[in-house]
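Residue-level structure breakdown
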Amino acid sequence: MKHIVFSFILTVLLFCSCGANYTKSEITPEMAYEGVSNYCHITYDWSIAKENPSIMYVQMGEETDSVYQVVFRSYTGAFVNFYVDKASGTTRMEEYVPTLDVRNEAGTIDIFDYIDKKN
């Protein structure tokens, strides 16, 4: 009888531990784009782009094994590169001003905070 109870407990623990790994899913390119786009629309003033939408945009950049790059272009000509970690959703931001050739770390966000958010 102890063998059956022990087997049952191990089976329950196995199923519970497997499900714990899926609280946050791996980030897809679509999720990375959506999260960054939502963040940019919440954070930056897009009113200047109403007359000329091509001066501000969000687009996918390069991809590595662990990171998606999503690029925001401001109406000022500056870029903010978002590096979205595929496994965790932690997103590092780097500002780049091409006319001055200046790069600055701009902080981090959790991409999950901006997925399914509307401005």
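All values reported here derive from a predicted model rather than from experimental measurement.

1. Some words on the overall build of the protein chain
Along the protein chain, the regular secondary structure elements total two helices and five strands. What you see in the protein chain, going N to C, is helices and strands ordered as α-α-β-β-β-β-β. Evaluated residue by residue, the protein chain yields a buried proportion of 29% over its 119 residues. Put simply, of all contacts in the protein chain between residues at least 6 apart along the chain, 31% involve residues at least 24 apart. Accessible area of the protein chain: about 8,100 Å², with a carbon and sulfur share of 57%.

2. Some thoughts on the environment of valine 84
Mapped onto the elements of the fold, valine 84 is located in strand 3 (residues 79-85). In the structure, valine 84 is positioned 17 residues away from valine 67 in sequence and 5.3 Å away in space, judged by C-alpha atoms. Among all residues touching valine 84, those that are not within four sequence positions of it are Ile27, Ala32, Val36, Ser66, Val67, Tyr68, Val70, Thr90, Thr91 and Ile111.

3. Here's the deal with the nonpolar core
Counting residues in hydrophobic clusters, the biggest one holds 21 residues, and the most contacted among them are Val36, Cys40, Phe72, Phe82 and Val84. Listed by contribution, the elements that provide at least two residues to this core are helix 2 (29-43), strand 2 (67-73) and strand 3. If you tally residues by element for this core, the top one is helix 2, at five residues.

4. Focus on the pattern of salt bridges
In total, this model carries three salt bridges according to the counting rule given. The salt bridge partner of arginine 92 is glutamate 105, with a shortest N-O separation of 3.0 Å. Taken as a pair, arginine 92 in strand 4 (residues 90-97) and glutamate 105 in strand 5 (residues 102-110) lie far apart in primary sequence, 13 residues in all. With a relative accessible area of 53%, glutamate 105 lands in the exposed category.

Definitions and cut-offs
Residues numbered from 1 in each chain as written. Predicted model: local features only at pLDDT ≥ 70, side-chain atom pairs only at ≥ 80, totals over all residues. Heavy atoms only, no water. Helix = DSSP H or I, 4+ residues; strand = E, 2+ residues; numbered from the N terminus. Buried < 20%, exposed > 50% of the residue type's maximum accessible area, 1.4 Å probe, protein only. Contact = heavy atoms within 4.5 Å. Areas by Shrake-Rupley, 256 points an atom, 1.4 Å probe, with all protein chains shown as cover. Core = buried A, V, L, I, M, F, W, Y, C linked by side-chain atoms within 4.5 Å. Salt bridge = Lys/Arg side-chain N within 4 Å of Asp/Glu carboxyl O.

In short, shape yes, function no, at least from these values alone.
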